[in-house]
Amino acid sequence: MGYYSFLAMVTSAVIYLVAFAAFSAEWASARNLDAGGHEPDAARESADRLRVDKYGRIGLALTCVGLLSHVAGVVLRGVAGRRAPWGNMYEFVTVSLAFAAAAMLVLAMRRGQRWLGLPTTLLLTIGQGLAVTVFYVDVAPLVPALHSVWFVVHIVAACASGAMFNLGAIASVLYLIRTRAEARGGVRGYLARVPDSRALDRFAYRVHAFAFPLWTFTIAAGSIWAEYAWGRYWGWDPKETCSLVTWVVYAAYLHARATAGWQGRPAAWLAVVGVVSFWFNFVGINLLVSGLHSYAGI
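Parameters and conventions
Along each chain, numbering runs from 1 in the same order as the chain's sequence is written. pLDDT decides what is reported in this predicted model: residues at 70 or higher carry local features, side-chain atom pairs at 80 or more are listed and counted, and totals for whole chains, interfaces and linings draw on all residues regardless. The basis for every side-chain value is the complete set of heavy atoms in the structure, and neither hydrogens nor water enter the calculation. Per the convention used, a helix needs a DSSP run of H or I reaching at least four residues, while a strand needs a run of E reaching at least two, with both numbered from the N terminus. Each residue's exposure class comes from its accessible area (1.4 Å probe, protein chains only) as a fraction of the maximum for that residue type: buried when under 20%, exposed when over 50%, partly exposed otherwise. A contact between two residues is defined here by any heavy atoms of the two lying within 4.5 Å. Note on areas: Shrake-Rupley, 1.4 Å probe, and residue coverage restricted to the protein chains presented here. Basic side-chain nitrogens of Lys or Arg form a salt bridge, by our definition, when they fall within 4 Å of a carboxyl oxygen of Asp or Glu. Any two rings among Phe, Tyr and Trp, with Trp reduced to its six-membered ring, count as a pair given centres within 6.5 Å; such a pair is stacked if its planes are under 30 degrees apart, edge-to-face if over 60, and tilted if neither. Take the buried residues of types Ala, Val, Leu, Ile, Met, Phe, Trp, Tyr and Cys, join any two whose side-chain atoms come within 4.5 Å, and each joined set is a nonpolar core. Helices are assigned an expected span. That span is 1.5 Å times one less than the residue count. How sure the predictor is of each residue is captured by pLDDT, a score from 0 to 100. To obtain an axis, a line is fitted to C-alpha atoms, over the contacting stretch when the element is a helix, and the angle between two such axes runs from 0 to 180 degrees between their N-to-C directions. When describing relative orientation, an angle under 35 degrees is termed roughly parallel and one over 145 degrees roughly antiparallel, while 65 to 115 degrees is termed roughly perpendicular and anything else oblique. Throughout, the ten residues Ala, Val, Leu, Ile, Met, Phe, Trp, Tyr, Cys and Pro are labelled nonpolar, Asp, Glu, Lys and Arg are labelled charged, and all others, Gly among them, are labelled polar. Throughout, a crossing is termed right-handed when the near helix is turned clockwise from the far one, and left-handed when it is turned anticlockwise from it by less than a right angle.

Novice: Help me understand the overall build of the protein chain, please; the structure alone is not making it clear to me.
Specialist: On a plain count of helices and strands, the protein chain comes out with eight helices and zero strands. Secondary structure elements of the protein chain, listed N to C terminal, follow the sequence α-α-α-α-α-α-α-α. Here the protein chain, with 298 residues, has 51% of them falling under the buried criterion. Excluding contacts between residues fewer than 6 apart, the proportion of contacts in the protein chain whose partners are at least 24 apart in sequence is 79%. Just so you have it, the protein chain exposes about 13700 Å², and 67% of that area is on carbon and sulfur atoms.

Novice: How do you make sense of the pattern of salt bridges when you look at a structure like this?
Specialist: Once the charged atoms of two side chains with opposite charge are near each other, the side chains can pair. If you walk through the whole model with that rule in mind, you get seven salt bridges. Among the salt bridges present, the one from Glu182 reaches Arg178, with a minimum N-O distance of 2.9 Å. One end of the pair, Glu182, and the other, Arg178, are both in helix H5 (residues 149-184), four residues apart, so they sit about a helical turn from each other. Where Asp201 meets Arg257, a salt bridge forms, and the shortest distance between an N and an O atom there is 3.4 Å. Taken together, the residues Asp201 in helix H6 (residues 197-230) and Arg257 in helix H7 (residues 238-257) connect sequence positions 56 residues apart. When its relative accessible area of 16% is taken as the criterion, Asp201 is described as buried. Taking relative accessible area as the criterion, Arg257 reaches 18% and is therefore assigned buried.

Novice: Which parts of the structure should I look at to understand the packing of aromatic side chains?
Specialist: One pair of aromatic rings is described through two measures. These are the centre distance and the angle between the planes. Overall, the coordinates contain eleven aromatic pairs when judged by the stated rule. Seen in terms of ring centroids, Tyr3 and Tyr4 are 5.4 Å apart; in terms of plane orientation they differ by 70°. Their pairing is edge-to-face. No difference in accessibility class separates Tyr3 from Tyr4, as the two residues are exposed. Between the aromatic rings of Trp115 and Phe203, the centroid separation amounts to 5.2 Å while the plane-to-plane angle is 75°, which identifies the pairing as edge-to-face. Here Trp115 is found in the loop between helix H3 (89-111) and helix H4 (117-135), whereas its partner Phe203 is found in helix H6, with 88 residues between them in sequence.

Novice: Just to check I follow, could you spell out unusual backbone geometry for this structure?
Specialist: Apart from glycine, the bulk of residues carry a negative phi angle, and the bulk of peptide bonds sit in the trans form. Phi is positive for Arg82, close to 55°, though the residue is something other than glycine. Mapped onto the secondary structure, Arg82 falls in the loop between helix H2 (42-81) and H3.

Novice: In this structure, what is going on with the nonpolar core? I would like to understand it.
Specialist: Within the largest apolar cluster, 69 residues are counted, with the highest numbers of intra-cluster contacts made by Trp115, Phe151 and Leu167. Mapped onto this core, the elements with two or more residues apiece are helix H1 (2-29), H2, H3, H4, H5, H6, H7 and helix H8 (265-288). Top element by residues in this core is H5. It accounts for 14 residues. Beyond its immediate stretch of four places on either side in the chain, Leu167 contacts Ala100, Ala103, Met104, Leu107, Thr120, Phe203 and Val207.

Novice: How do you make sense of H3 when you look at a structure like this?
Specialist: If you check H3, its first and last C-alpha atoms are 32 Å apart, about what 23 residues at 1.5 Å a residue would give, namely 33 Å. Buried residues dominate H3, accounting for 17 of its 23 residues.

Novice: Just checking my understanding: could you explain the environment of Val65 for this structure?
Specialist: For Val65, the location among the structural elements is in helix H2. Accessibility expressed as a relative area gives 44% for Val65, which makes it partly exposed.

Novice: I tried to follow the side chain of Thr246 on my own but got confused; where do I start?
Specialist: Assignment of secondary structure puts Thr246 in helix H7. Of the residues examined, Thr246 reaches a relative accessible area of 0% and is grouped as buried.

Novice: It is not clear to me how the confidence of the model for the protein chain should be interpreted in this structure. Could you clarify?
Specialist: The predicted coordinates of low-pLDDT regions are not to be read in fine detail. Averaged over every residue, the pLDDT of the protein chain is 84; the share at 70 or more is 89%. Per-element confidence in the protein chain ranges from a low mean pLDDT of 85 for H2 to a high of 92 for H4.

Novice: How should I be thinking about the packing of H7 against H8 in this particular structure?
Specialist: Packed helix pairs are specified by the crossing angle of their axes together with the interaxial distance, meaning the distance between the axes. Where H7 meets H8, the axes come as close as 9 Å, and the angle between the chain directions of the two elements is 170°. As summarised for this structure, H7 and H8 are arranged roughly antiparallel, according to the angle between their axes. Grouping the constituent residues of the contact of H7 with H8 by class yields 18 nonpolar, six polar and two charged.

Novice: Honestly, the packing of H4 against H5 in this entry has me stumped. Any pointers?
Specialist: Running from N to C, H4 and H5 point in directions that differ by 130°, and their axes come no closer than 10 Å. Judged by the inter-axis angle, H4 sits oblique to H5. The hand of the H4/H5 crossing is right-handed. Residue-level inspection shows Pro119, Thr120 and Leu123 of H4 in contact with H5, the latter providing Asn166, Leu167, Ile170 and Leu174. Of the residues in the contact of H4 with H5, the class split is five nonpolar, two polar and no charged.

Here's what the structure looks like:
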């Protein structure tokens, strides 16, 4: 089962790469579309739009297939270990990316947010590629400290909030790019099909506003779990400390959105800092620092 799980994960990484190529073709095919969506040649305009839509639908279909393979890999990993499949960094990364892929597909197909396709499949390709080549570890039993219901609650909340933080960061980066293009009066090509800067800013805020309470719950659940496992709620372990830093950054982002002078680009940069802090917590800390969470391994 462990072998088939790994094979499914590798397959999903390859499919995400092909989906990324399809979304790249979608963006490239829109190079002749101007900001207003009008072309001098109506027939050419129609052909360009059909081409853009075709590549976009192919990208979404491939992402769906990749997610199916991805979920199969997660499930088979759990079956192989006879436990919840998020006991180490490899498993956490793959489950978080599955949440991100699912969220993107729901937003794209139900909310018309297909512009998330290209950056999200890039994230999925890089993340799954690193997971199967660098972070992979063989299936192993859980250490005693992980045998708790809070193991499931804490990690699932962390995976879900992490997925939404990444989608919010994607929207924030596109907001920074779009505002710069709008200031220069050069919103053309596929960038013209991305929501305007106000809509991107609003989308990023809503995603972060949804994820932040989940992250708060993640830290609270982790504290309860720490008391069960180690006999204290908080001990300034490196991962606990970095989790708090991430919480503070996102709290500052949400506060900045309501503070004159910090709206717009400064708030977007805070969102970028937040997602960097998040991934440093769950990758960098494991690789560079030893602590009570080191049993999670690489």
